[in-house]
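Spelled out from the first residue to the last, the chains are:
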Amino acid sequence: MALRILHVASEIQPLVKTGGLADALGRLPAAQLELGHQVAVLVPGYPAILDRVSPVDELMTLDSADDGPVRVLRGQLPGTAVTLLVLDAPQRFDRPGNPYVDAEGRDWQDNHRRFALLGRAAAEIARRAWPADVVHAHDWHAGLTPAYLRAAGDFCATCFTIHNLSFQGIFDAELYPDTGLPGDFYTLEGLEFHGRWSFMKSALNFSDAITTVSPTYAREILTTEHGMGLDGLLRHRATRLHGILNGVDYATWDPATDPLLASPYSIETLDRKRQNKRALQRASELDEDDDILLVGVVSRLTEQKGLDFALGALADLLIKGRLQLVLLGSGDPVLESAFNALANRHPDRCAVRLGYDEALAHRIMGGADVILVPSRFEPCGLTQLYGLRYGTLPVVRHTGGLADTVDRYTVSRASAATGFVFDTPNTTAVRRALGSALKLYADSAAWQQIMRNAMRRDFGWDKAAVAYSELYANLVASRSAA
Ligand code: ADP
Ligand code: GLC
């Protein structure tokens with residue numbers, strides 16, 4: 001069944017990205033287009049978007065006493081045939097830098113208004129300018145969309161995807177009237193949350209279907225440990241909750257065609273990977289040594305990612321001269337300086353690059369032997385998927401999407417293994433997993449076998465696109481039956 005699908009999100013590759021959310025929005029709509037759906041994506045008009053997208057027309061304007069002039073411009077997502085709808089509201093979105101925080105790292109004071117406007121615009125667009133069968137909102141920024149649709153009469157199906165439950169968009173009660181939403185939504189069954197109100201909770205209550213980005217994370221968020229205070233509600237709505245694994249953009253992440261690599265390689269030319277390792281060592285001013293295990297990390301440096309407890313294991317193995325480390329990331333200043341200190345202590349074995357660098361991320365995937373992702377929780381995770389395709393074996397914690405995508409190496413399960421998996425989020429467990437990688441690395445034939453297993457795995461977006469199609473079709477069918 002061909003459907004009209006309107007996605008709503010705050011990030012999209014290649015225009016605005018702070019994490020994997022952008023990667024997902026960059027590719028899922030295009031994969032849906034290939035299945036014959038009509039697809040549009042609504043995003044806020046950040047300067048980074050307006051500077052790079054040339055609108056073909058103005059789809060509509062919105063009444064907006066409080067938000068200044070608001071127009072919806074229609075263009076195309078670069079590199080695709082996907083319709084991009086840009087919410088041009090300069091008073092709310094024409095600000096430099098990060099989409100959510102000011103130059104000092106503080107949340108913008110009017111974030112509730114900025115993202116309420118996004119949800120309200122989505123509902124208006126679906127109602128009168130780009131009629132949709134399904135409106136699919138992503139993460140808390142788009143979380144009020146289903147509530148605005150409910151207030152407007154619930155005329156189409158709604159789907160909400162949790163990419164990360166730890167960011168919920170919670171605001172004080174006195175700000176709620178700014179949304180213009182009905183007062184009777186401010187209840188326990190609506191969006192009220194412990195005396196405040198929550199975009200995330202609103203989405204979970206008002207959408208027809210809830211998805212998250214891996215089957216394991218979909219189960220984990222039903223528990224107190226991973227439910228972030230919303231597990232009770234999620235259990236209540238469990239029949240509406242589905243885990244659909246994200247895909248990888250193999251047009252961008254393929255070692256055989258990656259223009260950013262010193263020496264592209266494939267499963268037939270594994271030996272060429274060594275040249276990428278050399279190039280990465282050289283560029284990072286590390287000893288140029290083929291035989292030492294080179295560990296890569298590309299990550300936000302936050303509590304979620306577990307690099308705090310991984311640090312001790314890495315430090316220990318660096319002191320012993322057992323491995324090299326190239327880390328690319330940014331975030332928590334305490335972690336940033338701890339990793340910097342590690343690099344200062346071991347300049348020939350450890351390189352730390354703080355910041356965001358797309359090209360270096362590719363070179364790390366191409367040049368490292370393993371990619372470390374020790375997350376406390378991980379809804380899906382993309383870097384382990386890149387690692388698999390690049391034969392850069394993932395060392396991951398058994399959680400969320402990491403558990404669903406990496407097959408644990410053990411001596412008896414070597415023929416099916418694709419990486420190294422540990423269970424407990426602590427230093428000892430990381431140390432052991434890296435120890436197991438080091439041991440296998442000494443046997444290059446065995447190591448190459450695991451590389452081949454990993455490179456053969458397919459996590460393309462086509463599968464996810466089909467799964468979403470089936471879900472939407474059910475939503476649309478049950479609405480017309482009702
Ligand atoms: P999350 O969305 O939780 O950050 P994911 O693994 O889903 O985690 O996605 C992270 C994305 O951001 C990947 O595409 C990864 O390559 C990229 N990324 C993270 N940190 C950096 C960085 N410092 N420089 C370049 N790319 C980065
Ligand atoms: C989130 C999650 C990550 C996931 C990404 C895309 O940021 O932390 O695990 O891969 O969204 O869905």
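Residues numbered from 1 in each chain as written. Chains lettered and ligands numbered in written order. Predicted model: local features only at pLDDT ≥ 70, side-chain atom pairs only at ≥ 80, totals over all residues. Heavy atoms only, no water.

Participant: Can you walk me through the overall build of the protein in this structure?
Facilitator: Per the secondary structure count, the protein includes 17 helices and 18 strands. Relative to the compact-globule value of 23 Å for 482 residues, the protein shows a C-alpha radius of gyration of 23 Å, a close match. Projected onto the principal axes, the alpha-carbon positions of the protein cover approximately 65 × 45 × 45 Å. Per-residue burial for the protein yields a buried fraction of 59% across its 482 residues. Total accessible area on the protein stands at roughly 18600 Å², and carbon and sulfur atoms take up 50% of it. Taking the 48 positively charged and 57 negatively charged side chains of the protein as two groups, their mean positions are separated by 4 Å. (Helix = DSSP H or I, 4+ residues; strand = E, 2+ residues; numbered from the N terminus. Rg over C-alpha atoms; globule rule 2.2 N^0.38 Å. Buried < 20%, exposed > 50% of the residue type's maximum accessible area, 1.4 Å probe, protein only. Areas by Shrake-Rupley, 256 points an atom, 1.4 Å probe, with all protein chains shown as cover. Lys, Arg positive; Asp, Glu negative; His and termini not counted. Charge placed at Lys NZ, Arg CZ, Asp CG, Glu CD.)

Participant: Sorry, what's going on with the packing of helix α10 (residues 307–319) against helix α11 (residues 333–345) here?
Facilitator: What describes two packed helices is the angle between their axes and the distance between those same axes. Packing of α10 against α11 leaves a shortest axis separation of 11 Å and a crossing angle of 5°. Between α10 and α11, the interaxial angle falls into the category roughly parallel. Residues Leu307, Asp308, Leu311, Leu314, Ala315 and Leu318 of α10 pack against Leu335, Ala338, Phe339 and Leu342 of α11. When grouped by side-chain class, the residues that make up the contact of α10 with α11 number nine nonpolar, no polar and one charged. (Axes fitted to C-alpha atoms, helices over the stretch in contact; angles between N-to-C directions. Parallel < 35°, antiparallel > 145°, perpendicular 65-115°, else oblique. Contact = heavy atoms within 4.5 Å. Nonpolar A, V, L, I, M, F, W, Y, C, P; charged D, E, K, R; others polar.)

Participant: I keep staring at the site of ligand 1 and nothing clicks. Help me out?
Facilitator: As a matter of local geometry, ligand 1 sits amid 19 residues, with Lys17, Gly20, Arg300, Lys305 and Gly355 nearest to it. The side chain of Tyr386 places a nitrogen or oxygen atom 3.0 Å from an oxygen atom of ligand 1. For the shell around ligand 1, the secondary structure elements donating two or more residues are α1 (20–34), β13 (293–301), β14 (323–331) and α13 (383–389). With three residues, the single largest contributor to the shell around ligand 1 is β13. Of the residues that constitute the shell around ligand 1, the class distribution is five nonpolar, eight polar and six charged. Two domains each provide a minimum of three residues to the shell around ligand 1, namely domain 1 (4–247 + 462–481) and domain 2 (270–458). (Near = heavy atom within 4 Å. Polar contact = N/O pair within 3.5 Å; in protein donor to acceptor, adjacent residues only side chain to side chain. Domains from an automatic or database assignment.)

Participant: Where do I start with the packing of aromatic side chains in this structure?
Facilitator: Note on aromatic pairs: each is described by the distance of the centres and the angle between the planes. Under the defined criterion, the tally for this structure stands at 19 aromatic pairs. Taken together, a centroid distance of 5.8 Å and an interplanar angle of 20° make the contact between Phe420 and Trp447 stacked. Remark: Trp447 occurs in helix α16 (residues 444–456) and Phe420 occurs in strand β18 (residues 420–422); sequence separation between them is 27 residues. Taken individually, Phe420 and Trp447 each receive the classification buried, so the pair is uniform in this respect. Each residue in the set Tyr46, Phe93, Tyr100, Phe115, Trp140, Phe171, Tyr176, Tyr186, Trp197 and Phe199 is aromatic and connected to the rest through ring pairs, giving one cluster. When the ring centre of Trp108 is taken as reference, the NZ or CZ atom of Arg95 above it lies at 4.8 Å. Residue placement shows Arg389 over the ring face of Tyr250; its charged tip is 3.8 Å from the ring centre. (Phe/Tyr/Trp six-rings, centres within 6.5 Å; stacked < 30°, edge-to-face > 60°. Lys NZ or Arg CZ within 6 Å of the ring centre and 35° of its normal.)

Participant: Quick question: what am I supposed to make of the nonpolar core here?
Facilitator: Most often, soluble globular proteins keep nonpolar side chains buried together rather than apart. Core analysis: the largest hydrophobic core is formed by 76 residues, its most contacted members being Leu6, Leu42, Leu84 and Ile162. A per-element tally of this core places helix α4 (residues 111–129) first, with nine residues. Setting aside chain neighbours within four positions, we find Leu84 in contact with Ile12, Leu15, Val41, Val43, Ile49, Val53, Leu73, Arg74, Gly75, Gln76 and Leu77. Counting 75 residues, the second-largest nonpolar core is a separate cluster that includes Leu261, Ala368, Leu372 and Val396. (Core = buried A, V, L, I, M, F, W, Y, C linked by side-chain atoms within 4.5 Å.)

Participant: Teacher, can you tell me more about the sheet that holds strand β10 (residues 196–198) here?
Facilitator: In a beta sheet, neighbouring strands pair by backbone hydrogen bonds and run either parallel or antiparallel. One open sheet accounts for three strands, arranged β8-β10-β9; its pairing is antiparallel. Looking along the sheet, the strands with just one partner apiece sit at the ends: β8 (170–171) and β9 (192–193). In this structure, β9 lies alongside β10, joined through two bridges in antiparallel fashion. Across the sheet, the residue bridging to Glu192 is Trp197, located in β10. Most of the contacts of helix α6 (residues 199–206) go to β10, to which it runs at about 60°, and overall it touches β8, β9 and β10. (Pairing = 2+ DSSP bridges.)

Participant: Help me out: how do you make sense of the domain arrangement of the protein in this one?
Facilitator: One widely used convention gives an interface's size as the accessible area the parts lose upon coming together. Once the domains are mapped, the protein shows domain 1 (4–247 + 462–481) and domain 2 (270–458). Here the C-alpha centroids of domain 1 and domain 2 sit 33 Å apart. Contact residues are listed per partner, giving 21 residues for domain 1 and 19 residues for domain 2. Of the roughly 1400 Å² buried between domain 1 and domain 2, counting both surfaces, carbon and sulfur atoms make up 53%. Here domain 1 is connected to domain 2 by one salt bridge. Among the elements of the structure, α1 and α7 (215–220) are those that each provide at least two residues to the side of domain 1 that touches domain 2. Take the side of domain 1 that touches domain 2: its biggest share by element is four residues, from α7. When its residues are assigned to classes, the side of domain 1 that touches domain 2 shows six nonpolar, 11 polar and four charged. (Buried area = accessible area lost by both parts, 1.4 Å probe. Salt bridge = Lys/Arg side-chain N within 4 Å of Asp/Glu carboxyl O.)

Participant: Help me understand the site of ligand 2 in this model?
Facilitator: Taken together, Gly20, Leu21, His163, Asn164, Val213, Asn246, Arg300, Gln304, Glu378, Pro379, Cys380 and Gly381 make up the full set of residues near ligand 2. Within the contact set of ligand 2, an oxygen atom lies 3.3 Å away from a side-chain nitrogen or oxygen of Asn164. A distance of 3.1 Å is found between an oxygen atom of ligand 2 and a side-chain nitrogen or oxygen belonging to Gln304. When ligand 2 is considered free in solution it has 310 Å² of accessible area, and contact with the protein chains removes 94% of it. Residue composition of the shell around ligand 2, by class: four nonpolar, six polar and two charged. Mapping the shell around ligand 2 onto the domain boundaries places at least three of its residues in each of domain 1 (4–247 + 462–481) and domain 2 (270–458).

Participant: What's the story with α6 in this structure? I'm lost.
Facilitator: Every α-helix carries 3.6 residues per turn, so stepping three or four residues along brings you back to the same face. Among the eight residues that make up α6, eight are buried, leaving the element largely enclosed by the rest of the structure. By the burial criterion, the buried members of α6 are Phe199, Met200, Lys201, Ser202, Ala203, Leu204, Asn205 and Phe206. N-cap assignment for α6: the residue whose side-chain oxygen lies 3.2 Å from the backbone N of Met200 is Ser198.

Participant: Just to check I follow, could you spell out the pattern of salt bridges for this structure?
Facilitator: Pairing between side chains becomes possible if they bear opposite charge and their charged atoms approach one another. As enumerated under the stated definition, the model contains 32 salt bridges in all. For Asp67, the salt bridge is made with Arg120, and the minimal N-O distance between the two is 3.6 Å. Residue Asp67 is located in the loop between β3 (57–62) and β4 (70–76), and its partner Arg120 is located in helix α4; the two are separated by 53 residues in the primary sequence. Residue classification places Asp67 among the buried positions, given a relative accessible area of 7%. Salt bridges sharing common partners tie together Asp67, Arg92, Arg95, Asp110 and Arg120.

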